[in-house]
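These are the residues of each chain, in order.
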Amino acid sequence: MAELNQDSGKGNKGGKVRAKKAGGKVDLTAMVDLAFLLITFFMLTTSLNTPQAMDVAMPDKNKMDQNDNLEIADNRSITLLLGSDNKISWYYGQLAKPIYPPTTIDYGKEGIRQVLLRMQKEVPQRAGGKDLIVVIRPSEKSVQRNLVDVLDEMRIVDVKRYMISKINSDEIEVLKSEGLFND
């Protein structure tokens, strides 16, 4: 049993001897029980933050052929080249004969999001009603945060078809010419 004893405060000062008065006793058992019940209640009812993850369907790496190049219709695809300095270079169609030539933009709602929204409207008109395909190609100078930002934009804009692919040497030259392949 927990209890609180109080001293009368006289000490040994000398003088007359008086009968000691019994100090008041407070039983703390109920308060300790209540504290443990509250701690237990809040521990069991609190939900912890769970990390937010985005599902990306990736092919089985054991079944992939390294020499396979996926052919994509020119009028359906835009390619995003992730460069340094938090910038993106994008083009519409094939790099050799682009429908829209490579252009440098920023991340966010005034940059890549506006391009994706515009292309989602334009591509079905050019491709006979077929939807947009986005090819994301991070360079070795881009950072992981850039790839995460682009994937977030795909979700925000609701792009149904996109893929992450390796960048080739011609596209690295585009990044160098635009000043996006810096250390």
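Our structure's up above, just so we're on the same page.
Nothing here was measured: the structure is a model prediction, and the numbers come from that model.

1. Some words on the nonpolar core
Next up, step 1: Core analysis: the largest hydrophobic core is formed by 22 residues, its most contacted members being Ile78, Leu80 and Val134.
Next up, step 2: Listing elements by their share of this core, those giving two or more residues are strand E3 (77–82), strand E4 (87–93), helix H2 (112–126), strand E6 (133–138) and helix H3 (144–157).
Next up, step 3: Looking at this core, the element that brings in the most residues is H2, giving 5 residues.
Next up, step 4: Among residues more than four places away in sequence, those in contact with Leu80 are Ile88, Ser89, Trp90, Ile112, Val134, Val135, Ile136, Arg137, Val150 and Met154.

2. Side note on the side chain of Ser165
Next up, step 1: Looking at the secondary structure, you find Ser165 in the loop between strand E7 (161–164) and helix H4 (169–177).
Next up, step 2: Not counting the four nearest positions on each side in its chain, Ser165 is found in contact with Val135, Ile136, Arg137 and Pro138.

3. Quick look at the pairing of E6
Next up, step 1: Most of E6 sits out of view: 5 of its 6 residues are buried.
Next up, step 2: As paired strands, E3 and E6 are joined by 6 bridges and run parallel to one another. Residue Leu81 lies in a different strand from E6, and its bridge partner there is Arg137.
Next up, step 3: With H3 bridging E6 and the parallel E7, this β-α-β connection has right-handed handedness.

What counts as what
Residues numbered from 1 in each chain as written. Predicted model: local features only at pLDDT ≥ 70, side-chain atom pairs only at ≥ 80, totals over all residues. Heavy atoms only, no water. Core = buried A, V, L, I, M, F, W, Y, C linked by side-chain atoms within 4.5 Å. Buried < 20%, exposed > 50% of the residue type's maximum accessible area, 1.4 Å probe, protein only. Helix = DSSP H or I, 4+ residues; strand = E, 2+ residues; numbered from the N terminus. Contact = heavy atoms within 4.5 Å. Pairing = 2+ DSSP bridges. Right-handed = clockwise from strand over helix to strand, strands pointing away.

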